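# Tertiary structure, described
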Amino acid sequence: MLSVLRVHLPSDIPIVGCELSPYVLLRRPDQTVFTDDVPESSPIEGHFLRYKWYRIQSDKKVAICSIHPSEQATLQCLGCVKAKIPIAKSYHCSPKCFSDAWQHHRVLHERAASAVNENGNEEEEIFGRFNNNNNNNQSLSTSQSLPTLTNGSTPLYPAAVTQRSGGETWFEVGRAKTYTPTADDIGHVLKFECVVVDAETKSPVGHANTILTSRVIPAPSPSPRRLISVGNADVAGHLDLDGRLSSTGTFTVLSYNILSDSYATSDLYGYCPSWALSWPYRRQNLLREIVGYRADIVCLQEVQSDHFDEFFAPELDKHGYQALYKKKTAEVFNGSVMTIDGCATFFRRDRFSHVKKYEVEFNKAAQSLTDALVPSAQKKNALNRLVKDNVALIVVLEAKFSNHGVDNPGKRQLVCVANTHVNVQQDLKDVKLWQVHTLLKGLEKIAASADIPMLVCGDFNSVPGSAPHALLAIGKVDPMHPDLAVDPLGILRPATKLTHTLPLVSAYSSFARIGGGLGYEQQKRRVDPATNEPLFTNCTRDFIGTLDYIFYSADSLTNGLLITLHSWLNFVASLELGVNMLVEKSKKGEGLN
């Protein structure tokens, strides 16, 4: 007979708007084990699975800490109550929590005392990081990215009480295998029930397998992003009703390493709570973030192939994007299945059309290099060092908008967008530089054949001042650069060959050189004066620094806008193709995404 061996949830802390998908391990009558669903429409030897979800409400009301949403509040700031600050912001789980948060918390009081700003946008930024209102997930539900909100065939919250016992009331809230918590669930425990049912009698067979979750927590509220103008570029005033830049010839570009789920493990990010690392939580935030920028071109790195097919491509398709993808050349075992990530480039169909796609596999380039330069006895060691499975995706697009600033208005407006993720290992400085040099030489050939502007986006895993950054930014590497000391295969010699002719400029360095308008001085403090790059695009416990860039052809593109540099994980910029705009986002959200 069909039987349930095991039931568990990837994370026991449910979050509003994030789908809960239990893992159910089953055994067939022939003793084989599997995890596929067995619905009533497809029973196995006369049996199927029935699922139910319950919300357990205690008669005692529970408040949640505004700083640590998985913790129950034990104290409340009366100053917030008197100042009529949103009540959810007043709760804390301990005196230490309140004390540690005071530096930021007191801003709530100061802002309330001096009146909230006119448009209300800063209220969310200032009023803490977590919000218990019902609007947390509206942007996702309205974009149809949470189709499972129906939670099965039953009403979300039926009027009838399912069970009442010991001061607790159980409401049946779903009959599907998955369940997406709503704002009504905040502060309450959920119960999942799975039972084998006889297909003929519709009666349960054996005992029900159940799981109790922790209390449902609200999703943290993100800080708002703002565009700031660079120099005299007047593109900020051309926002249309949808919040997009509508200047003729202007477009935006977003680059973002989203951190593959296969790498978002507790082993690597043990300081992040498990719920913040879970893919269902991160994917909804990533989608909101990406869609929120309304960029015309989006370059993502570390996109798992299954997530590209099942999530990003269909979701961004709803928002008018065409998708292109290049996966890496080796899979990674993530503990249950083999997964692989890669680079994904999206563009708005109403703004661009696809002309050509080039795929760069650095492994193939490594094979060619060793065949040509490395003695046979050393080829194995050379390949072991050079073959790292990194790739680049190069896309040529044609603009559907006109550009009044060129001499020949009938000329096709093309732009070449390179999206890459360079090897991460810090001891392989030669490999990083060789990969960047290989990519740039390929782009040189494209530029020479078509006189085409270039955008080079990605996670280069190279800090400002490193040899790869120098090659990108100034077109050459100083022969005395310390990175060149690491060259066991001799692939970087002579150093004079490490050049390119593309007139590339880093988006943020142009901001630092040209200067800006409103807020320029504030943003300047978030840029390293020695490199003119942001202080960081990667922020983890073990490393804080800049690894991600957008470079553009300065002879044909003009940087017009930048996204405000926040004090955490935020980084963006903008350009013009004859007029165009460029946007760059920080690397890896870890748990914050």
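Please read all numbers here as calculations on a predicted model, not as lab measurements. (Residues numbered from 1 in each chain as written. Predicted model: local features only at pLDDT ≥ 70, side-chain atom pairs only at ≥ 80, totals over all residues. Heavy atoms only, no water.)

### Section: the pattern of salt bridges
The full count for this structure, using the stated rule, is 20 salt bridges. The partner of Lys202 in a salt bridge is Glu40, with the nearest N and O atoms 3.7 Å apart. Of this pair, Lys202 sits in the loop between strand E9 (189-198) and strand E10 (204-215) while Glu40 sits in the loop between strand E3 (33-34) and strand E4 (47-58), placing them 162 residues apart in sequence. Close ionic contact of Arg351 with Asp296 constitutes a salt bridge, the shortest N to O distance being 3.4 Å. Of the two residues, Arg351 is situated in the loop between strand E17 (341-348) and strand E18 (352-361) and Asp296 in the loop between helix H6 (279-293) and strand E13 (297-304); the sequence distance between them amounts to 55 residues. Here Arg351 matches Asp296 in class, with each residue buried. Among the charged side chains, a network of salt bridges with common partners joins Lys326, Lys357, Glu359, Glu361 and Lys364. (Salt bridge = Lys/Arg side-chain N within 4 Å of Asp/Glu carboxyl O. Helix = DSSP H or I, 4+ residues; strand = E, 2+ residues; numbered from the N terminus. Buried < 20%, exposed > 50% of the residue type's maximum accessible area, 1.4 Å probe, protein only.)

### Here's the deal with the packing of H6 against helix H7 (residues 305-318)
Two numbers describe how H6 lies on H7: the axes approach to 11 Å, and their chain directions differ by 35 degrees. Helix-helix and strand crossings are classified by hand; for H6 and H7 the assignment is right-handed. Within the contact between the two elements, H6 uses Trp279, Arg283, Leu286, Leu287, Ile290 and Val291 and H7 uses His307, Phe311, Phe312, Glu315 and Leu316. Taken together, the residues of the contact of H6 with H7 break down into 8 nonpolar, 1 polar and 2 charged. (Axes fitted to C-alpha atoms, helices over the stretch in contact; angles between N-to-C directions. Left-handed = near helix turned anticlockwise from the far one by under 90°. Contact = heavy atoms within 4.5 Å. Nonpolar A, V, L, I, M, F, W, Y, C, P; charged D, E, K, R; others polar.)

### Some details on the packing of helix H10 (residues 429-450) against helix H11 (residues 467-474)
Contact geometry of H10 with H11 gives a least axis separation of 8 Å together with a crossing angle of 20 degrees. Comparing their axes, H11 and H10 come out roughly parallel. Relative to H11, H10 is oriented so that their crossing is right-handed. Across from Lys432, Leu433, Val436, His437 and Leu440 in H10, the residues of H11 making contact are Ala467, Pro468, Leu471 and Leu472. Tallied by class, residues from the contact of H10 with H11 come to 7 nonpolar, 1 polar and 1 charged. (Parallel < 35°, antiparallel > 145°, perpendicular 65-115°, else oblique.)

### Here we look at the packing of aromatic side chains
By the definition in use, this model includes 19 aromatic pairs. Seen in terms of ring centroids, Tyr269 and Tyr271 are 6.2 Å apart; in terms of plane orientation they differ by 80 degrees. Their pairing is edge-to-face. Look at Tyr271 and you get partly exposed, because its relative accessible area is 32%. The interplanar angle of 15 degrees and the centroid separation of 4.5 Å between the aromatic rings of Phe308 and Tyr325 together place this pair among those described as stacked. Of this pair, Phe308 sits in helix H7 while Tyr325 sits in strand E14 (residues 321-327), placing them 17 residues apart in sequence. A residue is classified by how much of its surface remains accessible, and Tyr325, at 13% relative accessible area, is buried. Following the ring pairs from residue to residue traces out a cluster consisting of Tyr51, Trp53, Tyr179 and Phe192. (Phe/Tyr/Trp six-rings, centres within 6.5 Å; stacked < 30°, edge-to-face > 60°.)

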